[in-house]
Amino acid sequence: MANGIFFEAKNLTMRFGGLVAVNNFSLKLNGGELMGLIGPNGAGKTTVFNMITGTLVPTSGKVIWLDEDITGLPPHEITARGIARTFQNVRLFVDMTVQENVMVSFHHKIKASFWQAMFGLRKYTKEEERIREESMTLLRQVGLAHLAGEKAGALAYGQQRRLEIARALATSPKLLLLDEPAAGMNPQETMELADFVREIRDTFDLTIFLIEHDMKFVMGLCERIKVLDYGNTIAEGTPDEVQNNPEVIKAYLGEPKNAAG
Amino acid sequence: MTKERRNLLLNIASIISVYIILWFFQKYGTEYQIRILNNMAVFITLAVSYNLVNGICGQLHLGPNAFITIGAYTAALLTMSPAEKQMSFIIKPLIWPFSVIQAPFPVSLIAAGIAATIFAFLISFPVFRVRGDYLAIVTLGFGEVIRVLCNALQSVTNGPLGLKGLKPYTTIWWSWSIAIFTVIVIQKLINSSWGRAMKAIRENEIAAQAMGINPFKHLMMAFLISAFFSGVAGGLLAHLITTISPTLFTFFLTFNLLIIIVVGGLGSTTGAVIGAMLFAWGGEALRVVESPMDIGPVHIPGIPGMRMVLFSVILMLVIIFARRGITGRNEFSWDWLFSKLSGK
Amino acid sequence: MTTKIFLQQLTNGISLGSLYGLVAIGYTMVYGILRLINFAHGDLLMVASYTAIYGIAMFTLPWYISFPLAIIVTGFVGIMLDKAAYKPLRDAPRISLLISAIGASFLLENLALVVIGGVPKAFPRPEIFAKVVSIHGVRIQVLTIYTPIITILLLFGLLFIVYRTKAGKAMRAASMDFETTRLMGIDLDRIIAFTFLLGSTMAGAGGIMWALKYPQVNPFMGVIPGLKAFIAAVLGGIGNIVGAVIGGFLLGLAEILLVAFMPEAAQYRDAFAFVILILVLLFRPTGIMGEPIVDKT
Ligand SMILES: Nc1ncnc2c1ncn2[C@@H]1O[C@H](COP(=O)(O)OP(=O)(O)OP(=O)(O)O)[C@@H](O)[C@H]1O
Ligand SMILES: [Mg+2]
């Protein structure tokens, strides 16, 4: 991957009937980067994530990942290629245990066959054992190991958000998309989260692309930021550049109710 | 002794005790008790495999009666002798090759399972294109289509006349061995990585897919396995009641299975087993409410439909007031039993 | 086939189709608001028919009182159905709601079986519906002509209620956005009850006309028409009232014409509707007039 493309979104556009939710969105990411995406409510941020991860097929445009065109692939195949995500509205497997939530993410990488599992052959039982251990290690890294046996639905909100990240990490991604990871957290938790995001980027050798409304969080954490408004990209640059961009100020101040969100 | 070893031994011991109980009934039990035992085993097989799709994968599939029908007809056509078949098919002759082949009972059961699986494979493409209420109605539709075909394709099914005089091959040994086998296989599946993936789809399909799980593949897998065992159970059922016709496997049968798994505890094999046993026993016991009774001089005529009224009321009460059923999604395990025993 | 027979079949198809359409309205309205297939909806045909029979036989009411009364009773049975089977489950998982619906359907059917018995009862057919007229040599039962006319009249009445009255507007708001409507302080339970009342009334009218057409009433008479009407609702685009009626017409016509042109296919008739359902779901899941239903992430 010397000169190849790591990640590139080319002119992504998403139409829902008459509504253009995202218009001509382009983005290049370099390996190891920490990129932010901001914009008022309904700007189209989640829709960008949905197009990248295959949840939505873009009306037009392309997604290139490691030199491959992955536009329109189903989500599970995109995950298998190394792009993982979390959800804005937490989507855990609430009636499964915390550890099982993480173990699910190992399933797509399983080497043993279904029949080996049904006959309880060593190849499978060993692999299952390994998945169990690795999921525990991951839980330890995100600080949820002591809750491994609890039902995911029983966790506190902040813990659920962490579990979502752990679960995404367990798929072995190279690119991680976080949709409003700090939503609903208090300032203390938000600060810890920023450290945590940096930490996982380093330990797991990740590229991170995140959506967040909390400006302090985004400005402090991200190296580059993109701003969406009504589906259009209105600014891109370092936190300082973006903060002083008149378009951005207008987008946020023009509609005071959004600035609060 | 490790826990795994202990549990394995206990499992083996309990299977042996099931057989001892069966032997006891075989020797001393009445015909009525044997019938209930057979019904229990068939319903266990059906409910546990039905629960795989409805309870574990969380898809409200309403067409198990189609699989059972296909299994029943396939097995029956294979165990009947060519001469018997020629006698039965009076309206239209049976088509080749069914008209000439005959197979031993075990082979016909496997064929019944395979036939149902092939059918499930074919319909899984439209079925899993949709979800929720639509999936329910589409599967129900396929059940109806099979019933219509059973009536219409007279040169295969003998139409409304059905197939009569099947040999009563289904003994408690067959029915219970298959029930036990089904429970073991399905439990193994549920507790494997594949079973976890299925549960994840039930809990949140979008998230499961984002974690790399292919929903279609896993739903289809559950559907086919469920169909296989339902087909085998259909073969057992045919050789238990010895007469089959299209009216036997209507949506009523599906409804009964739904009651079993809901009352037992949707998503739990233990629940499905308990529900099936209660149903087989309760269903027979409640027959009295539908048959005429003489209490001293008072004659009460039988009331057809009364059992179904009771069952529907039970189903609705459970779903409204005790949604988790008897076991919830919990499973029986020896570890649980011992911790209970030592805890008290 | 002669033109005469063809025309006869055509009117048959239209009349059958309008019955499907009437029943489909109830499915589509309830689905629009609760996202639930009201499995017991078809059984309301049976409720209406028996009520009408008893009105005439036991209370010696004339048909023009007994029939409307039966339709109103059916409307209220619909409301009771919601109260008993669905209301307690508003916040429950979808699968529970659907299971409750199936339970309610079996309960209604078997309750009728227990109380009334399984022997089909003859439905009294007032003379004015039984007459046969001959138009250019095509002999048609007047009922066959009345049915689509009554259906269209009822449809216009319903559309007036849904689009012009306050309750109707609240109902449409609720079917577009349940949560927001709740937040706006509209009493959703009353709106839902109203929806059931309207839908069930339509089913009641459909039931009476069905029984006039096929005057053998039994506890399970609503099952097949119910399923077909649901398919008609999907075909027309679930959630859309006009779509439901159009879907009904199309399905009725298609069924009758299938049998007319291919008599040997008659025995497959009940399966035919399901084939249509599957094709619609595969190729145009939103039906003819439906809006796509989105699941937001
Ligand atoms: N699946 C969909 N179908 C139809 N419209 C959609 C769909 N998903 C999103 N939209 C619309 O697209 C627009 C952008 O939505 P999106 O969720 O991407 O915004 P967002 O920037 O993530 O907002 P928020 O900050 O509130 O999360 C909104 O108007 C939304 O209603
Ligand atoms: Mg968003």
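Residues numbered from 1 in each chain as written. Chains lettered and ligands numbered in written order. Predicted model: local features only at pLDDT ≥ 70, side-chain atom pairs only at ≥ 80, totals over all residues. Heavy atoms only, no water.

**Points about the coordination of the magnesium ion (ligand 2)**
Residues and elements named next belong to chain A. Here the magnesium ion (ligand 2) is held by T46 (OG1) and Q88 (OE1), and the distances to it run 1.9 to 2.1 Å. Residue T46 is located in helix α1 (residues 45-52), and its partner Q88 is located in the loop between β6 (83-85) and α3 (98-104); the two are separated by 42 residues in the primary sequence. Residue T46 is classed as buried on the basis of its relative accessible area, which comes to 14%. (Donors = N, O, S within 2.8 Å, 3.2 Å for Na, K, Ca; no water. Helix = DSSP H or I, 4+ residues; strand = E, 2+ residues; numbered from the N terminus. Buried < 20%, exposed > 50% of the residue type's maximum accessible area, 1.4 Å probe, protein only.)

**Concerning the interface of chain B and chain C**
With 42 residues of chain B at the contact, the number on the chain C side is 43 residues. Buried surface at the junction of chain B and chain C, summed over both partners, amounts to about 3600 Å²; 81% is from carbon and sulfur atoms. Looking only at chain B, the three residues that lose the most surface to chain C are D133, Y134 and I137 of chain B, adding up to 19% of its buried area. Joining chain B to chain C, the criterion identifies 1 salt bridge. As a salt-bridge pair, D133 of chain B and R94 of chain C come within 2.7 Å of each other at their nearest N and O atoms. Inspection of the region where chain B meets chain C yields 3 residue pairs in polar contact (both at pLDDT 80 or more). Contributions of two or more residues to the side of chain B that touches chain C are made by α6 (132-152), α12 (251-264) and α14 (306-321) of chain B. Broken down by element, the side of chain B that touches chain C gets its largest block of residues, 14 residues, from α6 of chain B. In terms of residue class, the side of chain B that touches chain C is made up of 32 nonpolar, 5 polar and 5 charged. (Contact = heavy atoms within 4.5 Å. Buried area = accessible area lost by both parts, 1.4 Å probe. Salt bridge = Lys/Arg side-chain N within 4 Å of Asp/Glu carboxyl O. Polar contact = N/O pair within 3.5 Å; in protein donor to acceptor, adjacent residues only side chain to side chain. Nonpolar A, V, L, I, M, F, W, Y, C, P; charged D, E, K, R; others polar.)

**Some details on helix α1 (residues 3-34) of chain C**
Compared with the 46 Å implied by 1.5 Å per residue over 32 residues, the 45 Å span of α1 of chain C between its first and last C-alpha is a close match. Taking the largest bend as the criterion, α1 of chain C deviates by roughly 25°, centred on A24 of chain C. (Expected span 1.5 Å × (residues − 1). Bend = angle between axes of the 7 residues up to and from the residue.)

**Focus on the pairing of strand β4 (residues 60-65) of chain A**
Note on strand geometry: in a regular strand, side chains alternate between the two faces of the sheet. All names here are of chain A. Pairing of strand β1 (residues 7-16) with β4 involves 5 bridges; the strand directions are antiparallel. By the bridge assignment, A9 is partnered in β4 with V63. The pairing of β4 with strand β5 (residues 68-69) spans 2 bridges and is classified as antiparallel. Looking at the pairing, W65 lines up with E68 of β5. Between β4 and β5, which pair antiparallel and follow one another directly, the connecting turn spans 2 residues, one of which, L66, has a positive phi of 50°. (Pairing = 2+ DSSP bridges.)

**Brief notes about the packing of aromatic side chains**
Counted by the stated rule, this structure contains 38 aromatic pairs over all chains. A centroid spacing of 6.2 Å and a plane angle of 45° characterise the contact between Y124 of chain A and W194 of chain B, whose relative ring orientation is tilted. Residue Y124 of chain A is found in helix α5 (residues 122-141), and its partner W194 of chain B is found in helix α9 (residues 193-203); the two belong to separate chains. The ring of F25 of chain A carries the charged tip of K226 of chain A above its face, separated from the ring centre by 5.4 Å. (Phe/Tyr/Trp six-rings, centres within 6.5 Å; stacked < 30°, edge-to-face > 60°. Lys NZ or Arg CZ within 6 Å of the ring centre and 35° of its normal.)

**Re helix α11 (residues 215-241) of chain B**
Residues and elements named next belong to chain B. End to end, α11 covers 38 Å across 27 residues, agreeing with the expected 39 Å (1.5 Å per residue, within 8%). Counting buried residues in α11 gives 22 out of 27 residues, a clear majority hidden from the surface. Directly after α11, the chain includes T242, whose backbone phi takes a positive value near 65°.

**Section: the sheet that holds strand β8 (residues 207-211) of chain A**
Residue and element names in this part refer to chain A. What the 6 strands build is an open sheet, ordered β6-β7-β8-β3-β9-β10; its pairing is mixed. Across the chains shown, the open sheet's two edge strands, defined by having one partner strand only, are β6 and β10 (232-237). Direction aside, neighbouring strands of the sheet carry axes that sit 15° apart on average. With 4 bridges joining them, strand β3 (residues 34-38) and β8 adopt parallel strand pairing. Paired with L37 across the bridge in β8 is I211. Contacting β6 and β7 (175-179), helix α6 (residues 157-169) crosses the sheet at an angle of about 160° to β7. The strands touched by helix α7 (residues 187-204) are β3, β7 and β8; relative to β8, the strand with the most contacts, the crossing angle is about 155°. (Axes fitted to C-alpha atoms, helices over the stretch in contact; angles between N-to-C directions.)

**Structural notes on the side chain of T45 of chain B**
Assignment of secondary structure puts T45 of chain B in helix α2 (residues 31-56). T45 of chain B sits in the buried class, given a relative accessible area of 0%.

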